Every structure is written in structure tokens, then in C-alpha cells.
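# Structural characterization, general
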Amino acid sequence: MAARLLLALLWLFQWLPLTMQAAVGSGLGALLHRFARSRRRIAERNVELCFPRMAEHDRAALVREHFRWLGRSLLERGLLLYAPRERLRRLIHVEGDVTLAERSGRPVMWLAPHFMALDVAGAAILLFQRRKGISIYQAQSDPVMDAALRRGRLRLGNAEIFARDHAAKALVRAIRKGDGFFNLPDMDFGERDAAFVPFFGVPAATLLAPSRLARMLGMVVQPVIAEILPGGRGYRVTFEEPLAGFPTDDALADTAALNRWIETEIAKRPAQYLWVHKRFKTRPAGEPSLYDA
């Protein structure tokens, strides 16, 4: 019942002008910053680990701003779930070579770090170019919410998603057919198929799959960055030039290079990165946890 009520509220909310949605979302974020203490502590710890030389009051300000963007991203999800295609096309401002995958003779991997507008990047791929887009999803514990998110990610058409636990073979077959792969490289999924690679100088369990998959299938890797614009100005999705010299035969070096690139992008818009995720949850053997709980 709670999930159905939340989805109904998102459906109603998405009819409002984006300026109003942005204001309400920012207010929600301020409330979350105050009352969602466990998530706030995670964000504070991540920012402390990644920016140890930043003054304490500046780190606190960064976390407060982050929660305002987080509130917006949560409430504006209704647009991605329910808004007409034409409205989304007006709100999403695309820059760079969005149609690279249409012209490429090799399969394309769209590499998208976890910024607040991540799902907007996925929508832009389906709205502004014709190559089929595929991705991996993490199933939600609530079946109603899981079904709604699946429908939302598929409703724009020309897309397919694979459950993370059973994705490998189906994903490879789809890429070999020419589908473009929307890949999210920067979450902690444990030690399986991962290595401890520096992220802002802190060893972080990081998937080696982007390098290994790109090398195995001869993929072009195109970075994609999505950001929420202030007020009601919409969203910007930038399709950057493909990574030069990537992949190599050294997956560990490739993954370290990807983390350095993500660090550079975070420095441009630090408050919009997903700081409430325990990026350093998995530790090398013998190391204590970096979080309180």
C-alpha cells in the first residue's frame, strides 16, 4: 500500500511545472538532511574520506547541498516514470555526439557515473538516438515498486533490462547483436569480479567489468554525464568523446583510469554525486569498516 501511495503521489506531482517540482524537491532534501540521519552520516563520511583537505564547514555545506539535489532527484523521478515523451524531450538538453552508437561499426558502451540525474541519461539515450539501449537493474524488495521502475525504464521503447543476478550471458548476446550497453561503473557490489582501486586515494571495491567486457567484445566506450540544472531549466546530458586507448590488456590499470576520470567529473559538480551510497563498504581483508555501522 505504501508503494502504491508513493507512486500515485509521483504521478500527481509530475504534472506540476518543473520550477515548482524543483522548489518542493529542494525542500524535501532539506528535511531529509535533518531527519535521515543514517544517510546523512554516510554522506558526511564519504565526503570526509574523499576531500580530507576540505575545511569542515565546507564539507558540511557540500552535504547540505547534496541533499537538496537528492530531494529533487527523488521527486522528479515521476517525470521519468510518467511524463509524455514530448515533455521529456523539451526538458532534457543533450550535448555532444548522442548518435555515435548509430554510426559506430563496433558496439558502444555508454559509461555513466552515479550523479543525481543518472536516470535522465538513460532516458536521453532512448529519446535522442535510435540504437537499442540495454542495461542491468537491481531488483527492488517491494514487488509493486520493482514493477513500476521496470515499466518506467522500458516505456520509452527500444530498450531491454536484465536482472543483475542473471545478466551475463544475455547481456553478451545482446551486445554482440549490436545493442548499446548503458553501464554504471562506480558502486560497491563486493569483491566478486572487482579489485580494490583508489577512489580519491581510498581503496574502493570497483568492478573490472567495463574494461574486460569492452576488450572481449571490441566495444567503443563513450562517457555520459547527466546533471540537474538549477530551478526549472531541466537537465543536461553530455555525450563525451569515446575514451582514447581504452580498453587495454590491463583491466586493473583501466579501472584505475576510470576512477580518476570519475573523480575529475565529480570535481566539476561535487554536490550532485551520489554520496549517500556506502562506496567504501567492502574493505580489504583485515581492514576495519570505514563507517559507523
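To be clear, the structure that these remarks concern was listed above.
Residues numbered from 1 in each chain as written. Predicted model: local features only at pLDDT ≥ 70, side-chain atom pairs only at ≥ 80, totals over all residues. Heavy atoms only, no water.

### Topic: the overall build of the protein chain
The helix and strand inventory of the protein chain stands at 12 helices and nine strands. Its C-alpha atoms give the protein chain a radius of gyration of 19 Å, within 12% of the compact-globule value 19 Å for 293 residues. Projecting the C-alpha coordinates of the protein chain onto the three principal axes gives extents of approximately 50 × 45 × 35 Å. Taking all 293 residues of the protein chain together, 52% fall into the buried category. Contacts in the protein chain between residues far apart in sequence, at least 24 positions, make up 78% of those at least 6 positions apart. When the accessible surface of the protein chain is totalled, it reaches about 14,400 Å², and 55% of it is carbon and sulfur. (Helix = DSSP H or I, 4+ residues; strand = E, 2+ residues; numbered from the N terminus. Rg over C-alpha atoms; globule rule 2.2 N^0.38 Å. Buried < 20%, exposed > 50% of the residue type's maximum accessible area, 1.4 Å probe, protein only. Contact = heavy atoms within 4.5 Å. Areas by Shrake-Rupley, 256 points an atom, 1.4 Å probe, with all protein chains shown as cover.)

### Some points on helix α12 (residues 251-268)
Taking 1.5 Å as the rise per residue, α12 with 18 residues should run 26 Å; its terminal C-alpha atoms sit 26 Å apart, in good agreement. Taken residue by residue, α12 has Ala251, Asp254, Thr255, Ala256, Leu258, Asn259, Trp261, Ile262, Glu263, Glu265 and Ile266 as its buried positions. Elements in contact with the buried residues of α12: β2 (108-111), β6 (194-199), β7 (202-207), α11 (209-217) and β8 (220-228). For α12, the N-terminal capping position is held by Asp250, with its side-chain oxygen 3.2 Å away from the main-chain nitrogen of Leu252. (Expected span 1.5 Å × (residues − 1). Polar contact = N/O pair within 3.5 Å; in protein donor to acceptor, adjacent residues only side chain to side chain.)

### Observations regarding the pattern of salt bridges
Here the structure, examined in full by the defined rule, presents 14 salt bridges. A salt bridge links Arg40 to Glu44; the shortest N-O distance between them is 3.5 Å. Of this pair, Arg40 and Glu44 are both found in helix α3 (residues 37-50), four residues apart, which corresponds to roughly one turn of the helix. Arg72 is paired through a salt bridge with Glu76; the nearest N and O atoms lie 2.5 Å apart. The exposure class assigned to Arg72 is buried, which follows from its relative accessible area of 2%. Put simply, Glu95, Glu227, Arg236, Glu265, Lys268 and Arg269 are held in one network by salt bridges that share partners. (Salt bridge = Lys/Arg side-chain N within 4 Å of Asp/Glu carboxyl O.)

### Structural notes on unusual backbone geometry
What you tend to see is this: most non-glycine residues have negative phi, and most peptide bonds are trans. Of note, the amide linkage connecting Phe246 to Pro247 takes the cis form, showing an omega dihedral of 5°. Summarising the element assignment, Pro247 is placed in the loop between β9 (235-239) and α12. Even without being a glycine, Asp193 presents a positive backbone phi close to 55°. The residue Asp193 is located in the loop between β5 (180-183) and β6 in this model.

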